[in-house]
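Residue-level listing of the chains:
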Amino acid sequence: MADERLIAALDVQSMDEVRQLVEKLDDSVMFYKVGMELFYGVGPEVIKYLKDNNKKVFLDLKLHDIPNTVANSLRVLTRLRVDMLNVHATGGFAMMEKALEALKDESEKLGIERPKLVAVTILSSISLKDWSKLWSNIDLDDQAVHLARLAQEAGLDGVVSSPMEAETIREACGSNFLIVTPGVRPAGTAINDQSRITTPAIALGSGATHLVVGRPIRLAGNPKNAAENILKEMETVKS
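Keep in mind that this is a model prediction, so the values were computed, not measured.

Chemist: Break down the sheet that holds strand 3 (residues 56-63) for me, with residues and values.
Modeler: Around the barrel, which closes on itself, the eight strands sit in the order 1-2-3-4-5-6-7-8 with parallel pairing between neighbours. Direction aside, the axes of adjacent strands within the sheet are offset by 25° on average. On top of the sheet, helix 11 (residues 223-234) reaches strand 1 (6-9) and strand 8 (210-213); it is set at about 155° to strand 1, its chief contact.

Below, the structure is given as structure tokens:
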């Protein structure tokens, strides 16, 4: 069985690219992230394809709008029967609370298990230099923890946050809280446009529950081997 703590990012634009990568990864990956680039390009077709192949799906659209708009959007997305969805924590407490209520209500109507709902704290692409230009008087780590606590108070299942903040969020929010971490790179790979990154083992050891990995798998000469090497590193940290 594949380790569901690993979420492979399908950061591509076409169904042909999706099929090629999923077929190459075969049974080494069970959980996939579908982001804006892909979903806006091909729509629900990619969700159906993954579900038909018994895969789990994290639909990463990072909703951020007024509470009613986000809630109604999530009602529609719940009908796709994905396993995880997300919003931006900076949308506020009321937005997150209404988002969760909508998910619960729609899931009950459909008679399905409610998708997990997580909130993005601060994008892992934002560097300390970028942050200081946005909020010169607020500490980035403190703000990430504050937003995680706010998401937990609203009843959400967890957060999407840089692995660099995983340890402090785990301490603040306890053990029964998901921490989904992008910005994870195996040793020796390029950091690309991520700023606050670390390795799979360090991220899990710091409290992350799920690792989102894109280019180190997708752009590898042998994507399945790349995924399995990451899984081997993950095995050193207990789930």
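Chemist: Which residues make up the UniProt feature "active site" (unreviewed entry) in the protein chain, and what values do they have?
Modeler: According to UniProt, the feature "active site" (unreviewed entry) maps to Lys 62 in the numbering used here. With respect to the helices and strands, the residue Lys 62 is situated in strand 3. A residue is classified by how much of its surface remains accessible, and Lys 62, at 22% relative accessible area, is partly exposed. Contacts of Lys 62, omitting those with residues within four sequence positions, involve Met 36, Asn 86, Val 87, His 88, Val 120 and Leu 123. Within the local environment of Lys 62, its side chain forms a polar contact with the side chain of Asp 60, the two groups lying 2.9 Å apart.

Chemist: Lay out the nonpolar core with the relevant residues and their values.
Modeler: Ranked by internal contacts, the top residues of the largest apolar core, which has 65 residues, are Val 34, Leu 74 and Val 87. Top contributing element to this core by residue count: helix 7 (residues 140-153), with six residues. Those residues in contact with Val 34 that lie beyond four places of it in its chain are Leu 10, Phe 39, Val 46, Ile 47, Leu 50, Val 57, Phe 58, Leu 59 and Asp 60.

Chemist: An account of the environment of Tyr 49 is needed here, citing residue identities and associated values.
Modeler: With respect to the element layout, Tyr 49 can be found in helix 3 (residues 45-52). Classification of Tyr 49 as buried rests on a relative accessible area of 15%. C-alpha of Tyr 49 to C-alpha of Thr 181: the two residues are 132 residues apart in sequence and 25 Å apart in space.

Chemist: Summarise the pattern of salt bridges; cite the residues concerned and give the values.
Modeler: A full pass over the atoms with the stated rule returns 16 salt bridges. A salt bridge links Lys 56 to Glu 4; the nearest nitrogen and oxygen atoms lie 3.0 Å apart. Within this pair, whereas Lys 56 is found in strand 3, its partner Glu 4 is found in the segment before strand 1, the two being separated by 52 residues in sequence. Salt-bridge contacts for Asp 157 lead to Arg 114; the nearest nitrogen and oxygen are separated by 2.9 Å. Of this pair, Asp 157 sits in the loop between helix 7 and strand 6 (158-160) while Arg 114 sits in the loop between helix 5 (93-110) and strand 5 (116-120), and the two are 43 residues apart along the sequence. Through salt bridges with shared partners, a single ionic network connects Arg 75, Arg 79, Asp 105, Glu 106 and Lys 109.

Chemist: Before we move on, could you go through the packing of helix 1 (residues 15-25) against helix 3 and cite the residues and values that matter?
Modeler: Between helix 1 and helix 3, the least distance of the axes is 11 Å, while the angle of their chain directions is 20°. Taken together, the axes of helix 1 and helix 3 are roughly parallel relative to one another. Note that helix 1 runs across helix 3; the crossing there is right-handed. On helix 3, the residues that touch Met 15, Val 18, Arg 19, Val 22 and Glu 23 of helix 1 are Glu 45, Val 46, Tyr 49 and Leu 50.

The rules behind each value
Residues numbered from 1 in each chain as written. Predicted model: local features only at pLDDT ≥ 70, side-chain atom pairs only at ≥ 80, totals over all residues. Heavy atoms only, no water. Pairing = 2+ DSSP bridges. Helix = DSSP H or I, 4+ residues; strand = E, 2+ residues; numbered from the N terminus. Axes fitted to C-alpha atoms, helices over the stretch in contact; angles between N-to-C directions. Contact = heavy atoms within 4.5 Å. UniProt positions renumbered as here; feature names shortened; annotations may be inferred. Buried < 20%, exposed > 50% of the residue type's maximum accessible area, 1.4 Å probe, protein only. Polar contact = N/O pair within 3.5 Å; in protein donor to acceptor, adjacent residues only side chain to side chain. Core = buried A, V, L, I, M, F, W, Y, C linked by side-chain atoms within 4.5 Å. Salt bridge = Lys/Arg side-chain N within 4 Å of Asp/Glu carboxyl O. Parallel < 35°, antiparallel > 145°, perpendicular 65-115°, else oblique. Left-handed = near helix turned anticlockwise from the far one by under 90°.

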